[in-house]
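# Architecture and fold: a report
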Protein chains: 8
Amino acid sequence: VRTGIPEVVLSIGKSPEKIAKIIKACGNKGLIITRLNESKYKKIVTKLPKNCEVRYYKEGRVMIVGKHEKVVEGHVGIITGGTADIPVAEEAKIILEEMGCKVSMVYDVGIAGIHRLFRYLRKLIKKNVQLLIVVAGMEGALPSVVAGLVDLPVIAVPTSVGYGAGGKGIAALLSMLQSCVPGVVVVNIDNGFGAAAFALKILKQINSPSSP
Amino acid sequence: VRTGIPEVVLSIGKSPEKIAKIIKACGNKGLIITRLNESKYKKIVTKLPKNCEVRYYKEGRVMIVGKHEKVVEGHVGIITGGTADIPVAEEAKIILEEMGCKVSMVYDVGIAGIHRLFRYLRKLIKKNVQLLIVVAGMEGALPSVVAGLVDLPVIAVPTSVGYGAGGKGIAALLSMLQSCVPGVVVVNIDNGFGAAAFALKILKQINSPSSP
Amino acid sequence: VRTGIPEVVLSIGKSPEKIAKIIKACGNKGLIITRLNESKYKKIVTKLPKNCEVRYYKEGRVMIVGKHEKVVEGHVGIITGGTADIPVAEEAKIILEEMGCKVSMVYDVGIAGIHRLFRYLRKLIKKNVQLLIVVAGMEGALPSVVAGLVDLPVIAVPTSVGYGAGGKGIAALLSMLQSCVPGVVVVNIDNGFGAAAFALKILKQINSPSSP
Amino acid sequence: VRTGIPEVVLSIGKSPEKIAKIIKACGNKGLIITRLNESKYKKIVTKLPKNCEVRYYKEGRVMIVGKHEKVVEGHVGIITGGTADIPVAEEAKIILEEMGCKVSMVYDVGIAGIHRLFRYLRKLIKKNVQLLIVVAGMEGALPSVVAGLVDLPVIAVPTSVGYGAGGKGIAALLSMLQSCVPGVVVVNIDNGFGAAAFALKILKQINSPSSP
Amino acid sequence: VRTGIPEVVLSIGKSPEKIAKIIKACGNKGLIITRLNESKYKKIVTKLPKNCEVRYYKEGRVMIVGKHEKVVEGHVGIITGGTADIPVAEEAKIILEEMGCKVSMVYDVGIAGIHRLFRYLRKLIKKNVQLLIVVAGMEGALPSVVAGLVDLPVIAVPTSVGYGAGGKGIAALLSMLQSCVPGVVVVNIDNGFGAAAFALKILKQINSPSSP
Amino acid sequence: VRTGIPEVVLSIGKSPEKIAKIIKACGNKGLIITRLNESKYKKIVTKLPKNCEVRYYKEGRVMIVGKHEKVVEGHVGIITGGTADIPVAEEAKIILEEMGCKVSMVYDVGIAGIHRLFRYLRKLIKKNVQLLIVVAGMEGALPSVVAGLVDLPVIAVPTSVGYGAGGKGIAALLSMLQSCVPGVVVVNIDNGFGAAAFALKILKQINSPSSP
Amino acid sequence: VRTGIPEVVLSIGKSPEKIAKIIKACGNKGLIITRLNESKYKKIVTKLPKNCEVRYYKEGRVMIVGKHEKVVEGHVGIITGGTADIPVAEEAKIILEEMGCKVSMVYDVGIAGIHRLFRYLRKLIKKNVQLLIVVAGMEGALPSVVAGLVDLPVIAVPTSVGYGAGGKGIAALLSMLQSCVPGVVVVNIDNGFGAAAFALKILKQINSPSSP
Amino acid sequence: VRTGIPEVVLSIGKSPEKIAKIIKACGNKGLIITRLNESKYKKIVTKLPKNCEVRYYKEGRVMIVGKHEKVVEGHVGIITGGTADIPVAEEAKIILEEMGCKVSMVYDVGIAGIHRLFRYLRKLIKKNVQLLIVVAGMEGALPSVVAGLVDLPVIAVPTSVGYGAGGKGIAALLSMLQSCVPGVVVVNIDNGFGAAAFALKILKQINSPSSP
Ligand SMILES: Nc1ncnc2c1ncn2[C@@H]1O[C@H](COP(=O)(O)O)[C@@H](O)[C@H]1O
Ligand SMILES: Nc1ncnc2c1ncn2[C@@H]1O[C@H](COP(=O)(O)O)[C@@H](O)[C@H]1O
Ligand SMILES: Nc1ncnc2c1ncn2[C@@H]1O[C@H](COP(=O)(O)O)[C@@H](O)[C@H]1O
Ligand SMILES: Nc1ncnc2c1ncn2[C@@H]1O[C@H](COP(=O)(O)O)[C@@H](O)[C@H]1O
Ligand SMILES: [Mg+2]
Ligand SMILES: [Mg+2]
Ligand SMILES: [Mg+2]
Ligand SMILES: [Mg+2]
Ligand SMILES: [Mg+2]
Ligand SMILES: [Mg+2]
Ligand SMILES: [Mg+2]
Ligand SMILES: [Mg+2]
C-alpha cells in the first residue's frame, strides 16, 4: 500500500463468492487478484456490478480491479529458463507494468543454450535495466549463472517445474539459496508477485531516493 | 568483484594450510574470509608472511586480508531478533563497512517486545537508511512484521537459532519464504555475507544509478 | 465425552454410507461430524431417518446430530490472519458454541496490518475473553505477535494456507512451535476442532474449578 | 513478564561471557536461564559479582538469578514416560515452582506398563491437580493415552529421546499432533519451559479469573 | 508362492487392460489383485472370458481369480483403531482367509476408549489367537499399547489416516518404529497384504514347524 | 517381561550414574542394557556393588546384569550385508542366546557377491533355522533378496551404514518397507534388540504353541 | 543436439496450444515430446498442419515430430523390475531406437524371482549389449543386483511405483544412490529420457571413439 | 572385481582393528580403502606386518594395499567447482590412476567465473578426454553447465559443501538430478569412488569394446 501497490489478494483457497465479496467491499480503490485461473475468473465476473472495471491476464493468472496511479518508475529485466516458467514471469511483469515500471523480457534461455543467454544479457544491459528477476525451474541454475555474468542485483524466482526428487521447485529453490555467486536473493516457489513487490520497493529507492 | 567486492572465501571445510595458501596466491588484491572461528584464524596467521596485512573480527567470524578501495556509498539498517543472531548480523555489517557503506544496527528487538521495535524503526527511518537487513532465528517472524510497518526493501536472513522441529533455522527460513507481507526476499540460513553482497549491488544502483 | 463433548467423527476417508450408519448406531446421543463438505453432507442426509435432528454449517464444514446439553461456560476469542483461515476458525467456533461457550471473533487481521490488530485485541480484552485461539496460515506469525501483546493463554492453529516451500501449513506449524514468545501451544494444521476441545477442558477448570 | 514470569534466556548458542553480561545488565529483576549445562554454568558464575544471588538446578539445566515474587497459584501434575525424559520435565517443574505453583510428579510410567499408569493417575486426580503436563519421547503415545483416561487439559511435550527414523523427538511430536484423543495441545520437542509458561497463563485464569 | 500364496498383483498404476492381460496370461493358477477399486474392477471383468472364476471384495479392494488350495492353518487376531482403518484390515483378512487361516476381528477400539480394548483383548486371548495384526492411523499408538498388554507377536500396520503434519500415515509409521514396547514389527503404510503374507510365513512355522 | 525377557534399558541419553542407580534399584531380577559403549560401561561398573554379576559384550554394546532363566527354545539365522552391520547383528544375537535360543550367523554376504549368499542360505536351511533376521545398511536390498529365495519369515533390520542421501539407514529402511517380495517386516534403524524381542515372541508360539 | 539428439520437449505443465506452437516454430528439424498422454496428444494433432509428420507411442507417452538421421550405433539392454515400470522403459527405448540404436528388452524380472533374472542376463550378454539401463520402482534393488552379476555399466532409473513411506520412487532412488555395488549411476525418478540421452553419449564414445 | 577393480572397503564405521584384520585376511590381492583420515590410517599401519605394501593419499583419503595390474585404458577429465570439492575429486582420480587410466584435472572453476571454465573445457577436449567427472557442491550447477557446452558423457558428483537449507550436498544432488541438460547421470553425495568405478566400466567398453 505504502509503495503504492494496491491490496493484493491470493485467490487460492477462496471461493468465487468470497472473492466477489472482497472486490465489492473494496470500493473503488484498486485491487489485484493473483493465481486466478480463467474459469474461476469467469464465475467472479458474473457476480460483479456492471460498472466494475476489471482486466484479466490469462497467462499470468492475474485480475486487476479498478484504477490506480502509476507511481513507480524504473526498468526491470525478466528472464526465464524455459517456456513452462512463463506464467510466473508474467505475474511479475503484469504487476510491475501496472505500477508504471518498464519491463524487458527474455523468455526461454536456459543454461542448456548458454550462448543465446550471453547475447540476450548484453541487450538487457544496453537497455539500462536496473534490476533482474530471473525465473527458473528444474535445477534452478539460471539465476546463479546470470549473477556470475552481470553486475546487477538478481532476484531469483524458483518455479514448480520438474518432477521426481527435487521436483515442484524444491531443487530450484535450494539451488538458489545455495548459490555460490554472491548477491542472489530468493522468493518462494512460483511467487512472481513477491519478486515484483520487492522490485518495486527497490526501484522507489533507486529512482526517488531519500538522501542517506 | 565487479561490484568492487574482493573475492570471498568460505572457510568451512578448508584446512588452515589451504586457506593460507589461497591468501598467499591472492597477492595484494583484497580477500575476505568468512565463517572463520578464532582458533582456526590463529593457525592461519602463523603461516602467513610477516608483512601480510590482516584484520580479524571475532564476533562476525570474518578475516580481511589486504587493502581495497571503499567503493560503495549508502546506508543500511541491520536489525536482529535476539542476541544469538548477532554473529550473522556482524558478518553482514563488516562486509558492508569494508566496502564503504554506513551501517546502523538495532540488535535484540524480537517480536516478544514489539513496542521497542516501533521505537527503533522510527529512528532508523529518520536516519534515512535505504534498505533493511533483518536477521532472525526461531519463528523468523521479525522480517514480516518489519516489512508490514516500514516501506523499505527488506532482505530477510534466517539464522540457525532454535532447537526441535523447525530448528537450525528451518522454521525461520520457511516463514520468511511464506511471508504474507509483500516485498520480503530471503537468503539462506546464516548467510549474512549473501545479504550484504546483494545490498551492495542495490546500493550501487541507488547511489550511482544508470539512467533507465 | 467426559467434558460433555459428544463423540466427534472425522469424515475424511469415510463414505456417506459409513457415516450414515455411524449416525444411526449412535441413537439419540449427540454426535459431531467434522470436515464434511456440502455435497457429502447432502448424500448423508438422504440416508437418515426423517426424524433425525441435524444442523449443517457450510463454512465450518461441521454437521451436528441430535441434542446435547450446553455444559461449559466461558468466553473465548478467536482471531484469524486471513480470510482463507476462516473455515478452520468456524470449525472451532461452532463446537465451542454448541457446548455453551461464548465466542468473540476477529477475522482477517494478519501481521501485514498490525495496527488494526492492536485495536481488535484491546476490544477482546475489554470483553473479558479468557482464552485466545489464533488461526493463521502462510508464515504463521500471528499467534506469536498476539502472545507478545496480550497476557492470555494462546492456542495456535496453523492452517494449510500457502504454496511452495513451507506451504500447506508447514511453515505456519513450525513457526508456532518455534515461537520466541513464551506460552504458545499448538494443535495440528487445520485442527480447529482440537483447539476447541482443549479450550473446553480449560474453561471447565476455569469456570467450575476443583479446589487445588 | 506480564504473567509475572521473569525474562527467560535460552543459553544455547550464547557464550558464558555473553550470558554473564546479560545477567549483569538485568539488574536485580529476576532472570531465568534454561538449557544450561553444568560446566557452562560454572564459567558464568566466575564472571558474576559476589552478591549476585543465583541457584542452579543440574538435572533441569536451569539457572535462576535474583528474587521474584511467587505470584501464580495452582497445582500441576507432570508425568514422564521414561527416565530419559526427566530433564525436560524438571525444567517445567522448576519454573512452575519458582512462580509459586504446586507440582506433583510421576516419573517413568510409560505405556509399556500401563497398569502402573492407572494407579498414578488416580492419585493425581485425588490431589486435585488442575492441569497435566505429559512428557514423552520415542513413540510419544503417553499424552494420548492419558488424555483418553482423564478429563483434565493435557499439554504434551515431546522429547528428543529415540534413534533411527522418527528419532530425536520427531515421531513423538507428530504422534502428539495426530492424537486421536480430543484436547491435547503440543509444544516443541524438549520445550519444558514452553509448557510451564503456558500452564502459568492458564492457572492465572483458573485461580484468579476475570469474570466472563 | 512357496508359502502357497498365489501371485499377488498390485493394481496401482496398471490399466484395466493390462490387468486383464495378466489374468489371462496366468492360466488357471490362482491370482490375487490388491488395491483395486470397484469401478476398475468392473472394467476388468468385462475383458475376461466368461468362465473365468473371480470374487471381488469391495471394502478390502481385493479381487481373487481362480482356485487355490487352503494350505495354511492357524488363527490370527486383527484389531483396528478406527473405522477408517477397516479397508486395510479387510485386505489382510481376505488374504489370510483365502489361504485357510481363521481370523478374529476387533474393529474400532482406539486408545481413546482404552477400557473397551481390554475387554476385547481378553476375548482374543481366550480364543487362542497366535498372532496379532494391529492396524492404526493418526498417532499410531494402538500396536504399542496392545503389545504392552498382551504377550503375543504384534505386526503393526500404519494406515494413511490423518491430515496435517504426520498425516497420510507418517506419524503412525514413525510411532510404530519408535515403539518403546519390545516386540513390535512394522510393514509399510496401508500394506495389509504385507502383514498377511508375513503372518502366513509365521503360521506355517508355528503349525507345521520344522524341528530345530 | 511376560516372554521372559528381563527389563531392557536403552543407555542412550542416560548418565553412568543414572544407569548404575537403575541397576541397583532392580535388585536381583535380570536386566539388559543396550547401546552401551565400552568407556561408559567401565564407569558404570565402578559404581556397582562388588557382588553384582555383570557381563559385557563389546562388539554388540550390551551389558547383562544378573541371572535369568533360559526360557525360549528355537533356532534363528542372522545374516548381515557388510562388516559394518555386525554390531547391530551382535546385539540381536546376544539377546537371543541369553534367552536360550540357538543362533546361526552369516556375516558380510551382501548382494555384491550374491553367489556366496546362495551357498550360505542353503546351509542355514539345512540347519533348520525357523526364522531369519537380516541386517543391512546402504541400499538395504539384502532382506528382499533373501525373502525371494527362502520360504522363512524375514525380519529386516536396517543399519545406519551409508553416507550422503539416504545415508544413516534411511535408504535401507525405506527399501525394506517398499520390498516387492511379500513377507518382510521391519524394525527401526539399528534396532537389533527389537528384532530379537519379536523373534522371541514368535519362537515361543512356534515351540510352545497354544492350540488354535 | 550435438549428439544428434533432436530437441526434446517435456510436455508437463504446457498446454496443447503451447506445444503445437513449439512444434510449428521448430520447422522441419526433428522434435521429441515426452510425458505426453494420449488425450493431450490428440488435442495437439488437431492444431498441426496436415503435412506435419508425427508418430505417437502410447505406452511410452512419446511423440516424435519430423525426420532425423539415425546417427548413433550400438546395442543397449533395458531391464525392468515390474510391469508398472514399463512406460518409463519404453520412453528410453523409443528414444534410443529413434537415434539408430539397437535395444533388447527384458521386462518384469524383479528380485522376487531372481532365477529368471539370471537366465535373461545371460541372454543379454550373449547378444553383446554394451550398456544396461535398469528400471525399477518400490525398493529399487534390481540395478544393484544386476550390477553385482554382470560387468557392464549400469544406468539405474527409479520409477514412481510404490505407495506409503518411500513411495513415488523415493525408496528406489535412495537405494540406487546407496548401492553397495560399485559402478551404478542414477538419473531422476521416471526419467527414462535422461537415461537414454546419457546412453547415447556413451555409445558415441564406444562406437566412434576419439583416440585418447 | 571383474572390471579389474580390487575390492574396495569403505572405512566409515569400522575400527582400525577391524580394517587391519580385513587387510591381513585379504592376502596379496590388492585392496583399496576409502574415506580414511590420516590419524586412522596411522593406527592401521602399526597393526600391519612389516612387508605389507601400502600407499596413502592424504587429500583423497585413500589407502592402497598391495599390487594390482593396471588394466583399464582411457582418459578421463575431472572438473571441480571449488577448492572444497577437491578431496572427492582426488578420491576418483586416485582410483582411476591406480587402474591405469590417464586423468586430466581442472580444479576450482565454478560458475561464478564462467569464462575461465570455457578456456579449460577447450583444453580438455583438445586432449581427447573421453568422459567427464564433474564435482560440485553448493548449488551444484556446474555439471549442467558443462554438459550444455561439451558433447561428452558427464558423471556428476555432488559434494557435501554448503550450509543451511540444501546444505551438505542436498541442493547439489537435487540440482543434478533435475538437470535440464540431457545426458547427466549422478552418483551419491561425496561418492568420488562410485564415479570412478562407473567410469572404469565405460572405459573398458570404449577402449576394448565387444562388437555389438
Ligand atoms: N501470488 C501470491 N503469492 C504470494 N503471496 C501473495 C500472492 N498474492 C497475494 N499474496 C499475499 O498473501 C496475502 C494473502 O492474504 P489474504 O488475501 O488476506 O488471504 C496478501 O496479504 C498478499 O500480500
Ligand atoms: N559466508 C558465506 N556464505 C555463503 N557463501 C559464501 C560465504 N563466504 C563465501 N561464500 C561464497 O562461496 C563461494 C565459495 O567458494 P570457494 O571459496 O572457492 O570454495 C565463494 O564464491 C563465495 O561467493
Ligand atoms: N497391496 C500391496 N502392497 C504392497 N505390495 C504388494 C501389494 N500387492 C502386491 N504387492 C507386491 O508388489 C509386487 C508388485 O509387482 P508387479 O505386480 O509385478 O508390479 C508383487 O510382487 C507383490 O508381492
Ligand atoms: N567411498 C565409498 N563410497 C561409497 N561406497 C563405497 C566407498 N568405498 C567402498 N564402497 C562400497 O561400499 C561397500 C562397503 O562394504 P563393506 O566394506 O563390506 O562394509 C563396498 O562393496 C564398496 O563397493
Ligand atoms: Mg527450453
Ligand atoms: Mg532477546
Ligand atoms: Mg488479508
Ligand atoms: Mg522406563
Ligand atoms: Mg472411532
Ligand atoms: Mg563387504
Ligand atoms: Mg512382477
Ligand atoms: Mg572458488
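Just so it is clear, the structure is predicted and the values come from calculations on it, not from any experiment.

## Quick notes on the overall build of chain A
A tally of helices and strands in chain A yields seven helices and nine strands. With respect to the principal axes defined by its C-alpha atoms, chain A has extents near 50 × 50 × 25 Å. For chain A, the proportion of its 212 residues judged to be buried stands at 66%. Counting only contacts in chain A whose residues sit at least 6 apart along the sequence, the fraction spanning at least 24 positions is 68%. Just so you have it, chain A exposes about 7,700 Å², and 52% of that area is on carbon and sulfur atoms.

## Focus: the domain arrangement of chain A
Quite often, the size of an interface is put as the accessible area lost when its parts meet. All names here are of chain A. We note that the domain assignment places domain 1 (7-65) and domain 2 (75-207) within chain A. Distance between the C-alpha centres of domain 1 and domain 2: 26 Å. Taken residue by residue, the interface counts 11 residues in domain 1 and 10 residues in domain 2. Between domain 1 and domain 2, roughly 920 Å² of surface is buried when both sides are summed, and carbon and sulfur atoms account for 67% of that area. Counting the contacts that link domain 1 with domain 2 gives one salt bridge. R55 serves as the salt-bridge partner of E98, at 2.8 Å between the closest nitrogen and oxygen. Here domain 1 is connected to domain 2 by two residue pairs in polar contact (both at pLDDT 80 or more). Contributing elements (two or more residues each) for the side of domain 1 that touches domain 2: β2 (31-34), β3 (54-57) and β4 (62-65). Here the side of domain 1 that touches domain 2 is composed, by residue class, of five nonpolar, two polar and four charged.

## Comments concerning the sheet that holds strand β2 (residues 31-34) of chain C
All names here are of chain C. In spatial order, the strands read β1-β2-β4-β3; together these four strands make up an open sheet with mixed pairing. At either end of the open sheet lies a strand with only one pairing partner, and these are β1 (7-10) and β3 (54-57). Here the strands of the sheet are splayed against their neighbours by 15° on average, with no regard to which way each runs. Of the pairings in the sheet, the one linking β2 to strand β4 (residues 62-65) comprises three bridges and is antiparallel in character. From the neighbouring strand, I33 faces β4, where its bridge partner is M63. In the packing of helix α3 (residues 86-98) onto the sheet, the strands contacted are β2, β3 and β4, and the crossing angle to β4 comes to about 20°.

## Thoughts on unusual backbone geometry
Located in the positive-phi region is D108(C), a residue other than glycine, with phi close to 70°. Its place among the elements puts D108(C) in the loop between β6 (102-106) and α4 (114-126). Note on D108(C): relative accessible area 30%, which makes it partly exposed. Look at R35(G): it is not a glycine, yet its phi comes out positive at around 55°. The residue R35(G) is located in the loop between β2 (31-34) and α2 (38-46) in this model. You can call R35(G) buried: its relative accessible area is 17%.

## Things to note about the packing of aromatic side chains
For the structure shown, the criterion picks out 16 aromatic pairs over all chains. Both rings, one in F198(G) and one in F198(H), keep their centres 6.1 Å apart while their planes meet at 35°; by these two values the pair is tilted. Within this pair, whereas F198(G) is found in helix α7 (residues 192-207), its partner F198(H) is found in helix α7 (residues 192-207), the two belonging to separate chains. Across the pair, F198(H) and F198(G) agree in class, each one buried. A cation over an aromatic ring shows up here: R35(B) above the ring of Y163(H), its NZ or CZ 4.2 Å from the ring centre. Here R119(D) stacks its cationic end above the ring of Y120(D), 6.0 Å away from the centre of that ring.

## Some remarks on the state of the cysteines
Applying the stated rule across the entire model yields zero disulfides over all chains. Cysteine C180(D) remains unbridged, with the sulfur of C180(E) as its closest cysteine sulfur at 16 Å. Counting only cysteine sulfurs, C26(F) is the nearest neighbor of C52(F), a cysteine outside any disulfide, at a range of 9.1 Å. Taking relative accessible area as the criterion, C52(F) reaches 23% and is therefore assigned partly exposed.

## Regarding the pattern of salt bridges
Side chains bearing opposite charge may pair, as long as their charged atoms lie close to each other. Tallied over the entire structure, the rule returns 56 salt bridges over all chains. Between E38(G) and K42(G) there is a salt bridge, with the nearest N and O atoms lying 3.8 Å from each other. Taken together, the residues span about one helical turn, with E38(G) and K42(G) both in helix α2 at a distance of four residues. Via salt bridges that share partners, E38(A), K42(A) and K58(A) belong to a single interconnected network.

## Side note on the relation of the copies chain G and chain H
Placing chain G over chain H gives an RMSD of 0.0 Å and needs a rotation angle of 180°, together with 0.0 Å of translation along the axis. The transformation just described matches what one would write down for a two-fold rotation axis. Among all residues of chain G, the one whose C-alpha sits closest to the rotation axis is I206(G), at a distance of 2.0 Å. Interface overlap between copies: 100% of the residues of chain G at the interface are likewise at the interface in chain H, consistent with a symmetric, same-surface contact.

## Side note on the nonpolar core
Counting 267 residues, the largest nonpolar core has L132(B), L132(E), L132(F) and L132(G) as its most contacted members. Dropping the residues within four chain positions of it, L132(B) is found in contact with G77(B), I79(B), L121(B), L124(B), V146(B), V150(B), L152(B), P153(B), V154(B) and I155(B).

## Some words on the site of ligand 1
Taken together, 15 residues sit near ligand 1, with K14(A), T34(A), N191(A), C180(B) and Y163(C) positioned nearest. Each of chains A, B and C places residues next to ligand 1. Here an oxygen atom of ligand 1 sits 2.6 Å away from a polar atom, N or O, in the side chain of K14(A). For ligand 1, a nitrogen atom lies 2.8 Å from a polar atom in the side chain of T34(A). In isolation ligand 1 exposes 490 Å². Once the protein is present, 87% of that is buried.

## What to know about the site of ligand 3
Near ligand 3, the surroundings consist of 16 residues, among which K14(E), T34(E), N191(E), C180(F) and Y163(G) are the closest. Each of chains E, F and G places residues next to ligand 3. Contact between ligand 3 and T34(E): a nitrogen atom at 2.9 Å from a side-chain N or O atom of the residue. In this structure, C180(F) approaches ligand 3 through a main-chain N or O atom, which is 3.0 Å from an oxygen atom.

## Considering the interface of chain G and chain H
Between chain G and chain H, the residue contacts involve 38 residues of the former and 38 residues of the latter. Among the residues of chain G in contact with chain H, D151(G), L177(G) and K201(G) are the three that bury the most area, contributing 20% of the side total. For the interface between chain G and chain H, the tally reads two salt bridges. The salt bridge involving K204(H) is made with D151(G); its shortest N-O contact spans 2.9 Å. Counting across the interface, chain G meets chain H through three residue pairs in polar contact (both at pLDDT 80 or more).

## Comments concerning the arrangement of the chains
At their nearest point, the C-alpha atoms of chain D and chain H are still 16 Å apart, with no contact between the two. One finds no contact between chain E and chain H; the C-alpha atoms of the two approach each other to within 20 Å at their closest.

## Here's the deal with a positive patch on the surface
Taken together, K102(A), R116(A), R119(A), R122(A), K123(A), K126(A) and K127(A) make up a surface patch of like positive charges. Relative to the elements of secondary structure, K123(A) occurs in helix α4 (residues 114-126).

## Considering the side chain of E98(F)
As for its placement among the helices and strands, E98(F) is situated in helix α3 (residues 86-98). The residues touching E98(F), leaving out its near neighbours within four places in the chain, are R55(F), Y57(F), I64(F), H68(F) and K70(F).

## Considerations on the sheet that holds strand β3 (residues 54-57) of chain E
Residues and elements named next belong to chain E. The sheet built from four strands is open, its strands ordered β1-β2-β4-β3 with mixed pairing. In the strand order of this sheet, the two ends are held by β1 (7-10) and β3, each with one partner. Across the sheet, the axes of successive neighbouring strands diverge by a mean angle of 15°, strand direction being ignored. Docked against the sheet, helix α1 (residues 16-25) engages β1, β2 (31-34) and β4 (62-65), running at close to 165° with respect to β2.

What counts and how
Residues numbered from 1 in each chain as written. Chains lettered and ligands numbered in written order. Predicted model: local features only at pLDDT ≥ 70, side-chain atom pairs only at ≥ 80, totals over all residues. Heavy atoms only, no water. Helix = DSSP H or I, 4+ residues; strand = E, 2+ residues; numbered from the N terminus. Buried < 20%, exposed > 50% of the residue type's maximum accessible area, 1.4 Å probe, protein only. Contact = heavy atoms within 4.5 Å. Areas by Shrake-Rupley, 256 points an atom, 1.4 Å probe, with all protein chains shown as cover. Domains from an automatic or database assignment. Buried area = accessible area lost by both parts, 1.4 Å probe. Salt bridge = Lys/Arg side-chain N within 4 Å of Asp/Glu carboxyl O. Polar contact = N/O pair within 3.5 Å; in protein donor to acceptor, adjacent residues only side chain to side chain. Nonpolar A, V, L, I, M, F, W, Y, C, P; charged D, E, K, R; others polar. Pairing = 2+ DSSP bridges. Axes fitted to C-alpha atoms, helices over the stretch in contact; angles between N-to-C directions. Phe/Tyr/Trp six-rings, centres within 6.5 Å; stacked < 30°, edge-to-face > 60°. Lys NZ or Arg CZ within 6 Å of the ring centre and 35° of its normal. Disulfide = S-S within 2.5 Å. Least-squares fit on C-alpha atoms with pLDDT ≥ 70 in both. Core = buried A, V, L, I, M, F, W, Y, C linked by side-chain atoms within 4.5 Å. Near = heavy atom within 4 Å. Patch = residues over 30% accessible without salt bridge, like charges linked within 9 Å, V, L, I, M, F, W, Y side chains within 5 Å. Lys, Arg positive; Asp, Glu negative; His and termini not counted. Charge placed at Lys NZ, Arg CZ, Asp CG, Glu CD.

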